[in-house]
Amino acid sequence: THNNFTAKDFRTWAASRDLFWALIHTPRDTLTLRKKELAKAIKDVAQKMGHTIAVCKSSYVYPPLMKAYLSGDLSQWMKGRRKQNPEGLLLKWWR
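Just so it is clear, the structure is predicted and the values come from calculations on it, not from any experiment. Numbering of residues starts from 1 in every chain and runs along the sequence as written. Selection of residues for local features in this predicted model requires a pLDDT of at least 70, selection of side-chain atom pairs for listing and counting requires 80 or more, and totals for whole chains, interfaces and linings are taken over all residues. Computation of side-chain values: all heavy atoms of the structure, hydrogens and water removed.

(A) Molecular detail of the overall build of the chain. Note on conventions: DSSP H or I runs of at least 4 residues are helices, E runs of at least 2 residues are strands, and numbering of each starts at the N terminus. The number of helices and strands found in the chain is 6 helices and 0 strands. Ordering the α and β elements of the chain from the N terminus gives α-α-α-α-α-α. Here the radius of gyration uses the C-alpha set of atoms, whereas the globule reference equals 2.2 Å times the residue count to the power 0.38. Over its C-alpha trace the chain gives a radius of gyration of 13 Å, about what one expects of a compact globule, namely 12 Å for 95 residues. If one aligns the C-alpha atoms of the chain with their principal axes, the spans along those axes are about 45 × 30 × 20 Å. Taking contacts inside the chain between residues at least 6 apart in sequence as the whole, the part at least 24 apart equals 69%. The positive count covers Lys and Arg only, the negative count covers Asp and Glu only, and His and the chain ends enter neither. For charged residues, the charge sits on one atom: NZ in Lys, CZ in Arg, CG in Asp, CD in Glu. Charge centroids of the chain, computed over 18 positive and 7 negative side chains, lie 2 Å from each other. Two residues qualify as a contact provided that any one of their heavy atoms is within 4.5 Å of a heavy atom in the partner residue.

(B) View of unusual backbone geometry. Positive phi outside glycine occurs at Asn85, with the angle close to 55°. Mapped onto the fold, Asn85 is located in the loop between helix 5 (73-78) and helix 6 (86-94).

(C) Representation of the nonpolar core. Here, nonpolar core means buried Ala, Val, Leu, Ile, Met, Phe, Trp, Tyr and Cys residues that are tied together by side-chain atoms lying within 4.5 Å of each other. Summary of the burial criterion: residues with accessible area below 20% of their type's maximum are buried, those above 50% are exposed, and those between are partly exposed, where the area comes from a 1.4 Å probe applied to protein chains only. Leu19, Phe20, Leu23, Leu74 and Trp93 are the most contacted members of the largest nonpolar core, which has 24 residues in total. Going through the elements one at a time, helix 1 (7-24), helix 2 (31-49), helix 3 (53-60), helix 4 (63-71), helix 5 and helix 6 are the ones with two or more residues in this core. Of the residues forming this core, the biggest block, 6 residues, is contributed by helix 2. Non-local contacts of Trp93, meaning those with residues more than four positions away in its chain, are made with Phe20, Tyr62, Pro64, Leu65, Ala68, Leu74 and Trp77.

(D) Up close: the pattern of salt bridges. The working definition used for a salt bridge is a side-chain nitrogen of Lys or Arg within 4 Å of a carboxyl oxygen of Asp or Glu. Counted under the stated rule, the structure contains 5 salt bridges. One salt-bridge network, in which partners are shared between bridges, spans Arg17, Asp18, Lys48 and Glu87.

(E) Looking closely at helix 6. All buried positions along helix 6 are accounted for by Leu89, Leu90 and Trp93. For helix 6, the arc enclosing every buried residue in end-on projection is 100°, short of the 170-degree limit, so these residues lie on one face. Looking at the packing, one finds that the buried side of helix 6 touches helix 1, helix 4 and helix 5. Summarising the geometry, the arc corresponds to the directions from the helix axis toward the C-beta atoms.

What follows is the structure, encoded as structure tokens:
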């Protein structure tokens, strides 16, 4: 193709999409609970990808997504939005 996409780009997209989908379904009120949910979600994504948690976290998921979840900004952004089409929602959030 004429695009500069690699398999890693698709794996990064898939990992970020899966993490996003998990996180929007587990809004939490406190930072402590959000940290626990984030850790669980990253573990699940890493297992799905066949990587360690450390590799998944450092190389495949979008860091601002993790930050937005921990700060509560992702939950705020999701208010009033329907939880359908994870890829479409992620693209809207990403912009």
